[in-house]
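Given next are the chains, with one letter for each unit.
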Amino acid sequence: MIKIETPTYYTATKKYELSFPSLESDIEADVVVIGGGFAGINTALELAEKGITNVVVLEARYLGFGGTGRNGGQIMAGIGHDLETIKKDVGEEGLRRIFEISDEGARIIKDRIKKYDIDADFRHGYAYLGFNSRQEKTLREWEKEFRSVAPDQDIELLTGNDVQSIVGSDAYSCALKHMGAGQVHSLNLLLGEAKALTSYGARIFENSPALSVEYGDTVKVRTAKGSVKASKLLWACDSFNNGIEPELDKKIINTYAFQLVTEPLSDELVQKISPIRGAYSDIRPVIDYFRITNENRLLFGSATRVIEHIPTDIKAWQRAQMLKIFPYLKDVGIDLCWGGPMACTSKLFPNLGSMPEHPNVFFVQGWAGFGVTPSHIICKILAEGMSEGSSRYDLVSSIKQANILGKEKFRPAILTAGKAWHQLSGYWTGRR
């Protein structure tokens, strides 16, 4: 297993020194949230903004311990990997509505940063990158789709030598620039949102793992030294369910992603790598993603593409991935490298809703590595479902996810088979 405690770029550069006590008494609330990442904090903040302020958040370790504090910081369009996987659940019209909804995530982040004066190094500028003519065709389709929902944004497809005007790599033959998207320091964003949440009177407890949960008209969550009684519960553990809620655990499987950050780069290198000083990802079934940080470092992330495994030397493996794209960085030092699990569903689309026998118990999980932006819109929709209800919540929660059988014994084999199929299907969908 990866040691998640390894320092990351985010923990090394956080600007909010927030800490919260552990729960050591028996308390009551209207809503109790299990999980202190984007999913838990975003949903709690949305509820607080609706006037539901008696909310308690329980975090097993510290805020941002999971994927929220060790991702790429990309603010990109879309929810999930391939919306076609959910077409049978929602139909053509539902698919169109979800695509339109997905564009709201970046706006929510920008509005929240402004409303609560959050210092999170937000920058505009994004590019989706392709390697061949099949991917160029896909990017041309995306260009039309993105423009249809964001006609006021600077969105442009570039090919050939023009690609160098936005990214300094010979690896790519095409690129779709989207200046409405961008990048953010995800841990500072989360901590700023947590600070905003507490301003409404909500309570957060760290180092307070849920040990048992009793369902009923009133839900009771027990920790080592205390408990919370509440009218509603939200499971927001993602890759750290660890079987405490077996029915939810059946719907997800953990894979691993890895990131590195270089030493500070010269202004000349920064300009060569990223003329738009933006964030980037290719469109393969398993992507590379990277961005120039506020301190002129390159943050580069990836995952194993076919064979599911944790490299013996993560730093060397991840550096090799970076040099495939930027060979001229061969003499640049790597200051930090880290990684950890991310939960995936069978359709690579977030799984949310309420428990069939317990309508006051809600859940959201399975971001599949696409959590920064989607968590903001999905959790807004989830908060609608937990409060007044909405057609958007009914639509997104109608997407059914299959149980993933045998993952306890055969996780690497299941993921390897899934990745192999994902790669193969990428040829048909224009992603390979």
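Residues numbered from 1 in each chain as written. Predicted model: local features only at pLDDT ≥ 70, side-chain atom pairs only at ≥ 80, totals over all residues. Heavy atoms only, no water.

Trainee: Help me understand the overall build of the protein in this model?
Mentor: Within the protein, the regular secondary structure consists of 12 helices and 19 strands. Relative to the 2.2 N^0.38 estimate, which gives 22 Å for 432 residues, the radius of gyration of the protein is 21 Å and therefore close to what a compact globule would have. Considering the protein as a whole, with its 432 residues, one finds that 59% of them fall into the buried category. Contacts in the protein between residues far apart in sequence, at least 24 positions, make up 76% of those at least 6 positions apart. Working note: accessible area of the protein is about 17500 Å², and carbon and sulfur atoms make up 51% of it. Here the protein holds 51 positive side-chain charges and 53 negative ones, and the gap between their average locations is 3 Å. (Helix = DSSP H or I, 4+ residues; strand = E, 2+ residues; numbered from the N terminus. Rg over C-alpha atoms; globule rule 2.2 N^0.38 Å. Buried < 20%, exposed > 50% of the residue type's maximum accessible area, 1.4 Å probe, protein only. Contact = heavy atoms within 4.5 Å. Areas by Shrake-Rupley, 256 points an atom, 1.4 Å probe, with all protein chains shown as cover. Lys, Arg positive; Asp, Glu negative; His and termini not counted. Charge placed at Lys NZ, Arg CZ, Asp CG, Glu CD.)

Trainee: Would you explain the state of the cysteines in this entry?
Mentor: The bond known as a disulfide is covalent and runs between the sulfur atoms of two cysteines. Within the structure shown, the criterion is met by zero disulfides. Not part of a disulfide, Cys237 finds its nearest cysteine sulfur in Cys379, a span of 13 Å. (Disulfide = S-S within 2.5 Å.)

Trainee: Help me out: how do you make sense of the packing of aromatic side chains in this one?
Mentor: Aromatic ring pairs: the centre-centre distance and the angle between the two ring planes describe each pair. Considering all chains together, one arrives at 18 aromatic pairs under this definition. The interplanar angle of 75° and the centroid separation of 5.6 Å between the aromatic rings of Phe258 and Trp317 together place this pair among those described as edge-to-face. Here Phe258, found in strand E13 (residues 253-262), pairs with Trp317, found in helix H9 (residues 314-325); they are 59 residues apart in sequence, far enough to count as distant. With 6.0 Å between their ring centres and 70° between their planes, Phe326 and Tyr328 make a pair best called edge-to-face. Judged by relative accessible area, Tyr328 falls into the partly exposed class, the value being 27%. (Phe/Tyr/Trp six-rings, centres within 6.5 Å; stacked < 30°, edge-to-face > 60°.)

Trainee: Looking at this structure, how should I read the sheet that holds strand E3 (residues 74-75)?
Mentor: Within a beta sheet, neighbouring strands are joined by backbone hydrogen bonds and run either parallel or antiparallel to one another. With respect to topology, three strands assemble into an open sheet ordered E3-E8-E4, the strand pairing being antiparallel. Each of the sheet's edge strands pairs with one partner strand only, and the pair in question is E3 and strand E4 (123-124). The pairing of E3 with strand E8 (residues 182-183) spans two bridges and is antiparallel. Across the sheet, the residue bridging to Gln74 is Gln183, located in E8. (Pairing = 2+ DSSP bridges.)

Trainee: In this structure, what is going on with the pattern of salt bridges? I would like to understand it.
Mentor: Two side chains carrying opposite charge are able to pair once their charged atoms lie near each other. Taken as a whole and judged by the stated rule, the model has 29 salt bridges. For Glu214, the salt bridge is made with Arg222, and the minimal N-O distance between the two is 3.5 Å. Lys250 is paired through a salt bridge with Glu247; the nearest N and O atoms lie 3.0 Å apart. Residue classification places Lys250 among the partly exposed residues on the basis of a relative accessible area of 35%. Here the salt bridges share partners, and the residues they tie into one network are Glu104, Arg107, Asp111, Glu384 and Arg392. (Salt bridge = Lys/Arg side-chain N within 4 Å of Asp/Glu carboxyl O.)

Trainee: What's the story with the sheet that holds strand E17 (residues 334-344) in this structure? I'm lost.
Mentor: The eight strands are arranged E6-E7-E5-E14-E15-E16-E13-E17 in an open sheet whose pairing can be described as mixed. Edge positions in the sheet fall to strand E6 (155-159) and E17, since each has one partner strand and no second. Averaged over all neighbouring strand pairs, the angle between strand axes comes to 20°, with direction disregarded. Relative to strand E15 (residues 289-292), strand E14 (residues 279-282) runs antiparallel, the two being bridged by three bridges. Looking across to E15, one finds that Tyr280 is bridged to Phe290. Lying over the sheet, H9 contacts E13, E15, strand E16 (298-302) and E17, oriented at roughly 105° with respect to E16. (Axes fitted to C-alpha atoms, helices over the stretch in contact; angles between N-to-C directions.)

Trainee: What is the right way to read empty space enclosed by the protein from this model?
Mentor: Picture a little ball the size of a water molecule; that probe, rolled over the atoms, points out where space is still empty. As enumerated under the stated definition, the model contains one cavity of 30 Å³ or more in all. Quantified by volume, the largest cavity comes out at close to 40 Å³. Contributing to the lining of the largest cavity are Trp235, Ala236, Cys237, Asp238, Asn241, Leu248, Val364 and Gln365. Per-class residue counts for the lining of the largest cavity are five nonpolar, two polar and one charged. (1 Å grid on protein atoms, 1.4 Å probe; cavity = no way out; pocket = protein on both sides within 12 Å on 5 of 7 lines; lining within 4 Å. Points joined across faces, edges and corners; volume = space filled by probe spheres on them. Nonpolar A, V, L, I, M, F, W, Y, C, P; charged D, E, K, R; others polar.)

Trainee: Please clarify how a nonpolar patch on the surface should be interpreted in this entry.
Mentor: A grouping of Trp421, Leu424, Tyr427 and Trp428 is seen on the molecular surface, where their side chains present a nonpolar patch of about 510 Å² in accessible area. Mapped onto the elements of the fold, Leu424 is located in helix H12 (residues 407-429). For Leu424, a relative accessible area of 41% puts it in the partly exposed group. (Patch = residues over 30% accessible without salt bridge, like charges linked within 9 Å, V, L, I, M, F, W, Y side chains within 5 Å.)

Trainee: How do you make sense of helix H2 (residues 38-49) when you look at a structure like this?
Mentor: Think of an α-helix as turning once every 3.6 residues; residues three or four places apart then point the same way. Look at H2: 16 Å from first C-alpha to last across 12 residues, which is about the 16 Å you get at 1.5 Å a residue. For H2, the tally of buried residues reaches 11 of 12 residues, placing the bulk of the element in the interior. For H2, the complete set of buried residues consists of Phe38, Ala39, Gly40, Ile41, Asn42, Thr43, Ala44, Leu45, Glu46, Leu47 and Ala48. At the exit of H2 stands Gly51, carrying a positive phi of roughly 100°. (Expected span 1.5 Å × (residues − 1).)

Trainee: Hey, could you run me through the nonpolar core in this one?
Mentor: Soluble globular proteins tend to bury their nonpolar side chains together. Formed by 83 residues in total, the largest nonpolar core has its most connected members in Tyr128, Leu197 and Val364. Look past the residues within four positions of Val364 in its chain and what remains in contact with it is Ala39, Leu234, Trp235, Ala236, Asn351, Leu352, Ile378 and Leu382. Membership of the second largest hydrophobic core comes to 29 residues, among which are Leu260, Ile273, Ile276 and Phe300. (Core = buried A, V, L, I, M, F, W, Y, C linked by side-chain atoms within 4.5 Å.)

Trainee: Just to check I follow, could you spell out the environment of Ser387 for this structure?
Mentor: On the secondary structure map, Ser387 appears in the loop between helix H10 (372-386) and helix H11 (391-397). In the structure, Ser387 is positioned 113 residues away from Ser274 in sequence and 43 Å away in space, judged by C-alpha atoms. At a separation of 2.7 Å, a polar atom in the side chain of Ser387 contacts the main-chain carbonyl oxygen of Ala383. Reaching out from Ser387, the side chain makes a polar contact with the side chain of Glu388 at a distance of 2.3 Å. (Polar contact = N/O pair within 3.5 Å; in protein donor to acceptor, adjacent residues only side chain to side chain.)

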